[in-house]
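An overview of the molecular structure
Spelled out from the first residue to the last, the chains are:
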Amino acid sequence: MENAPHLLVVDDHRDIREPLARYLAKHGFRVSTAENAAAARKILQGSAIDLLVLDIMMPGEDGLALCRQLRAQGDLPIVLLTALGEETDRIVGLEMGADDYVAKPFNPRELLARIKAVLRRAEALPRRRGRPNAERLRFGRWVLDVGRRELTREDGVAVPLSTGEFLLLTAFLEHPKMVLSRDQLLDLTRGREAAPFDRAIDNQVLRLRRKIERDPKKPELIRTHWGGGYSFEAEVERA
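Overview of the structure. This is a predicted model, so every value here is computed, not measured. (Residues numbered from 1 in each chain as written. Predicted model: local features only at pLDDT ≥ 70, side-chain atom pairs only at ≥ 80, totals over all residues. Heavy atoms only, no water.)

**A look at the overall build of the chain**
Broken down by element type, the chain carries 8 helices and 12 strands. Relative to its 239 residues, the chain shows a buried fraction of 50%. Sequence separation of at least 24 residues holds for 60% of the intrachain contacts in the chain that already meet a minimum separation of 6. Accessible area for the chain stands at about 12,000 Å²; split by element, carbon and sulfur atoms hold 48% of it. (Helix = DSSP H or I, 4+ residues; strand = E, 2+ residues; numbered from the N terminus. Buried < 20%, exposed > 50% of the residue type's maximum accessible area, 1.4 Å probe, protein only. Contact = heavy atoms within 4.5 Å. Areas by Shrake-Rupley, 256 points an atom, 1.4 Å probe, with all protein chains shown as cover.)

**Some thoughts on the sheet that holds strand 3 (residues 51-55)**
Spatial ordering of the open sheet is given by 2-1-3-4-5, a layout of 5 strands whose pairing is parallel. Of all the strands in the sheet, just strand 2 (30-34) and strand 5 (100-104) have a single pairing partner and so form its edges. This sheet shows a mean twist of 20° between the axes of neighbouring strands, independent of strand direction. Pairing analysis gives 4 bridges linking strand 1 (residues 6-10) to strand 3, with the strands arranged parallel. Note on strand 3: the bridge partner recorded for Val-9 is Val-53. (Pairing = 2+ DSSP bridges. Axes fitted to C-alpha atoms, helices over the stretch in contact; angles between N-to-C directions.)

**Notes on the packing of aromatic side chains**
As enumerated under the stated definition, the model contains 2 aromatic pairs in all. Taking the centre distance of 5.4 Å and the plane angle of 75° together, the rings of Phe-139 and Phe-232 count as edge-to-face. Here Phe-139 is found in strand 6 (residues 136-139), whereas its partner Phe-232 is found in strand 11 (residues 229-232), with 93 residues between them in sequence. The class for Phe-139 is buried, based on a relative accessible area of 0%. (Phe/Tyr/Trp six-rings, centres within 6.5 Å; stacked < 30°, edge-to-face > 60°.)

**What to know about the sheet that holds strand 6**
Pairing within the open sheet is antiparallel, and its 5 strands lie in the order 9-8-7-6-12. A strand with exactly one partner marks an edge of an open sheet, and here the two such strands are strand 9 (158-159) and strand 12 (236-238). Examined bridge by bridge, strand 8 (residues 150-153) and strand 9 share 2 bridges and lie antiparallel to one another. Across the sheet, the residue bridging to Leu-151 is Val-159, located in strand 9. Packed onto the sheet, helix 6 (residues 163-174) meets strand 6, strand 7 (142-145), strand 8 and strand 12 and runs at close to 110° relative to strand 7.

**Side note on helix 1 (residues 14-26)**
With 13 residues, helix 1 should cover 18 Å at 1.5 Å per step; its first-to-last C-alpha distance of 18 Å lies within 8% of that length. Where helix 1 is concerned, the buried positions are Arg-17, Leu-20, Ala-21, Tyr-23 and Leu-24. Looking straight down helix 1, one finds its buried side chains confined to an arc of 165°; they lie on one side. Residues of helix 1 that are exposed and point more than 90 degrees away from the buried face comprise Arg-14, Asp-15, Arg-22 and Lys-26. Of the surrounding elements, those touching the buried residues of helix 1 are strand 1, strand 2, strand 3 and helix 5 (108-123). Phi turns positive, to about 95°, at Gly-28, one or two residues after helix 1. (Expected span 1.5 Å × (residues − 1). Arc of directions from axis to C-beta.)

Structure below.
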């Protein structure tokens, strides 16, 4: 159990937080819980957490604010718990760098599957620590530091990427000027084992366009090939 991934569940509702913690522990995880953002920060400062399950709607500081701060500081995987029908919160959370979300009321089995999928993707990524010589790729007005998983604009503004967005952008940068089908992109970014619960590649492309295109409605970097998939049109060079 010592080597099991350590999860932190943050939810102000005890009747959700504690049963969920027991369920996740039953499936092999170490689990800590917090009732608000302040309590979560104390745990994060004192423990090595591998993934955060974070409720958006909390009194005081909400989950989106905590998500924004954590993503600015590092690449801790984050799965959001959102109110059913609150699509705006889900979109904002993903744009802030959350890796996935589950709408309440949720099926614990689906949440468990999403947690496992996010952890698999996170384990496959280069981490911020210990990769000082990692590759940096330049395209258009952007530079992607692959080792640090940092995307920076030419004016120095850093843009946070979720795990899925980073993997998708990396797939495009590794295959510039090639038409990649949706199935190929799924294989390159998520792996077939995650497919049953994955968001559509189209939605991931839409979110990535919002971050890197000058005008997402008239994309120049990521081109759509109707019926065929997508291609990355910019020249890619090592920075």
